[in-house]
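Read off the chains here:
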Amino acid sequence: MQTSKRKLWITFGVVVVFYLFAMVFPFFWVFITSFKTSGEIFGTGAFRVIPKDPTFQNYMTILFEKGILNSIKNSFIVATTTTIYIIIVATFSAYAISRFHFKGKNILLGLILAVSMFPQMIITGPIYNLFLNLKLLNSFAVVLPYSTITLPMAVWILVTHFNQIPSALEESAKMDGATTFQTLYKIIFPLAAPGVFTTAIITFISAWNEFLLTITLNPNAEYHTVPVAISFLRTQFEILWGQVAAATAIVTIPTLIIVLFFQRQIVSGLTSGGVKE
């Protein structure tokens, strides 16, 4: 019995190690590639783990010649702005859906979920025409259509968390003279903080990684975000893989730090709304 149990645990451990290796290896290889020259990337040293002639030229090029720092700045502005206004809108929307009883609530939730399933290609054309007519191309107004990919998810997560908060707390607050807004701000919002925090992080990462809307609405390189800037690291005949790897290594750091520092809050926020009390 003990032998069989031990074999099971060994097998499980091997599977977990192999899975973790498969997940981490691409990031490790991108990091290694960022220190290789073009000749080594495509030559006989393509599969060499440690570069024969390591170089920082790829990092120097993207930092001081390709303007990746400006793209990082744009990504921070866009992602932060999107996160702030999405959390505000999603909080009021989710609270209204969670607490108010009206006909068609389930249909409304279904429509919100359906919006998140629309392919971006369907909405990109109409949004481009709208921005063209309003003269909003090449601006940070691109954060507005970001709601199509972040708001439905945010509303769904927050509705789940608001549903777990007993309505008796709100009734007690109303008896004490608190308004609906005061109840939401001072009682409901703090109790739903894990869900709000998780939603904010997921929204930030989604906005940070968005590509299609930005490249369509902001063709000017001055307003390119990180994913768009990386896609332009190429010439007429080749993709500059060394520079792409270096840029990827740099721009992954912010999201990696967020996930590592706040992983406990993320897991807590995702799971706390999943248990019905």
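Preceding this paragraph is the structure being described.
Residues numbered from 1 in each chain as written. Predicted model: local features only at pLDDT ≥ 70, side-chain atom pairs only at ≥ 80, totals over all residues. Heavy atoms only, no water.

Section: the overall build of the protein chain
The secondary structure content of the protein chain amounts to 14 helices and 0 strands. Reading the protein chain from its N end, one meets helices and strands in the order α-α-α-α-α-α-α-α-α-α-α-α-α-α. For the protein chain, whose C-alpha radius of gyration is 24 Å, the value lies well above the compact-globule estimate of 19 Å for 277 residues. Taken along its principal axes, the extent of the C-alpha atoms in the protein chain is 75 × 75 × 30 Å. Expressed as a percentage of its 277 residues, the buried residues of the protein chain come to 37%. Taking the intrachain contacts of the protein chain between residues at least 6 apart in sequence as the baseline, contacts between residues at least 24 apart amount to 73%. Per element, the accessible surface of the protein chain, about 17000 Å² overall, is 71% carbon and sulfur. Positive and negative side-chain charges in the protein chain, numbering 17 and 10 respectively, have mean positions lying 9 Å apart. (Helix = DSSP H or I, 4+ residues; strand = E, 2+ residues; numbered from the N terminus. Rg over C-alpha atoms; globule rule 2.2 N^0.38 Å. Buried < 20%, exposed > 50% of the residue type's maximum accessible area, 1.4 Å probe, protein only. Contact = heavy atoms within 4.5 Å. Areas by Shrake-Rupley, 256 points an atom, 1.4 Å probe, with all protein chains shown as cover. Lys, Arg positive; Asp, Glu negative; His and termini not counted. Charge placed at Lys NZ, Arg CZ, Asp CG, Glu CD.)

Topic: unusual backbone geometry
Keep in mind that most residues, glycine aside, have a negative phi and that most peptide bonds are trans. Positive phi outside glycine occurs at Lys135, with the angle close to 60 degrees. In this fold, Lys135 is placed in the loop between helix H6 (120-134) and helix H7 (147-163). In this structure, Asn138 is a non-glycine residue whose phi angle is positive, near 55 degrees. Mapped onto the elements, Asn138 comes out in the loop between H6 and H7.

As for a nonpolar patch on the surface
A cluster of nonpolar side chains, Trp9, Phe12, Val16, Tyr19, Leu20, Phe21, Met23, Val24, Phe25, Phe28, Val49 and Ile50, forms an exposed patch at the surface whose accessible area comes to about 1200 Å². For Phe21, the position within the fold is in helix H1 (residues 2-33). Overall, the relative accessible area of 51% leaves Phe21 in the exposed class. (Patch = residues over 30% accessible without salt bridge, like charges linked within 9 Å, V, L, I, M, F, W, Y side chains within 5 Å. Salt bridge = Lys/Arg side-chain N within 4 Å of Asp/Glu carboxyl O.)

Some thoughts on the environment of Leu111
Among the structural elements, Leu111 can be located in helix H5 (residues 105-117). Judged by its relative accessible area of 52%, Leu111 falls in the exposed class.

Some thoughts on the packing of aromatic side chains
Counted under the stated rule, the structure contains 12 aromatic pairs. Measuring from centroid to centroid gives 6.4 Å for Tyr95 and Phe100, while their planes differ by 70 degrees, and the two rings are edge-to-face. Put simply, the rings of Phe31, Phe35, Phe56 and Tyr59 pair up and form one aromatic cluster. Cation over ring: Arg234 sits above Phe232, and NZ or CZ is 5.1 Å from the ring centre. (Phe/Tyr/Trp six-rings, centres within 6.5 Å; stacked < 30°, edge-to-face > 60°. Lys NZ or Arg CZ within 6 Å of the ring centre and 35° of its normal.)

Some words on the packing of helix H10 (residues 193-209) against helix H13 (residues 241-261)
Here H10 crosses H13 at 170 degrees, and the two axes come no closer than 11 Å. Relative to H13, H10 is oriented roughly antiparallel. Along the contact surface, H10 presents Ile201, Phe204, Ile205 and Trp208, while H13 presents Val251, Pro254, Thr255, Ile258 and Val259. A class-by-class count of the residues in the contact of H10 with H13 yields 8 nonpolar, 1 polar and no charged. (Axes fitted to C-alpha atoms, helices over the stretch in contact; angles between N-to-C directions. Parallel < 35°, antiparallel > 145°, perpendicular 65-115°, else oblique. Nonpolar A, V, L, I, M, F, W, Y, C, P; charged D, E, K, R; others polar.)

Here's the deal with the nonpolar core
With 30 residues, the main nonpolar core has Ile62, Trp208 and Val251 as its most contacted residues. Elements supplying a minimum of two residues to this core: helix H3 (57-64), helix H4 (68-99), H6, H10, helix H11 (212-217), helix H12 (226-231) and H13. Looking at this core element by element, the count peaks at 7 residues for H13. Those residues in contact with Val251 that lie beyond four places of it in its chain are Ile68, Ile72, Trp208, Val226 and Ile230. Core analysis: the second largest hydrophobic core is formed by 19 residues, Ala90, Ile97, Val159 and Leu184 among them. (Core = buried A, V, L, I, M, F, W, Y, C linked by side-chain atoms within 4.5 Å.)

Details of the packing of H4 against H10
Packing of H4 against H10 leaves a shortest axis separation of 8 Å and a crossing angle of 140 degrees. As summarised for this structure, H4 and H10 are arranged oblique, according to the angle between their axes. When you trace H4 past H10, the crossing you get is right-handed. Within the contact between the two elements, H4 uses Ile72, Ser75, Phe76, Ala79, Thr80, Thr82, Thr83, Ile86 and Ile87 and H10 uses Val196, Thr199, Ala200, Thr203, Phe204, Ala207 and Trp208. Here the contact of H4 with H10 is composed, by residue class, of 10 nonpolar, 6 polar and no charged. (Left-handed = near helix turned anticlockwise from the far one by under 90°.)

Section: the environment of Ile77
Looking at where Ile77 falls in the secondary structure, it is placed in helix H4. You can call Ile77 partly exposed: its relative accessible area is 32%. A sequence separation of 66 residues divides Ile77 from Val143, and the C-alpha atoms of the two residues are 9.2 Å apart.

Regarding the side chain of Thr83
Topologically, Thr83 is positioned in helix H4. Within polar-contact distance, the side chain of Thr83 engages the backbone oxygen of Ala79 at 2.7 Å. (Polar contact = N/O pair within 3.5 Å; in protein donor to acceptor, adjacent residues only side chain to side chain.)

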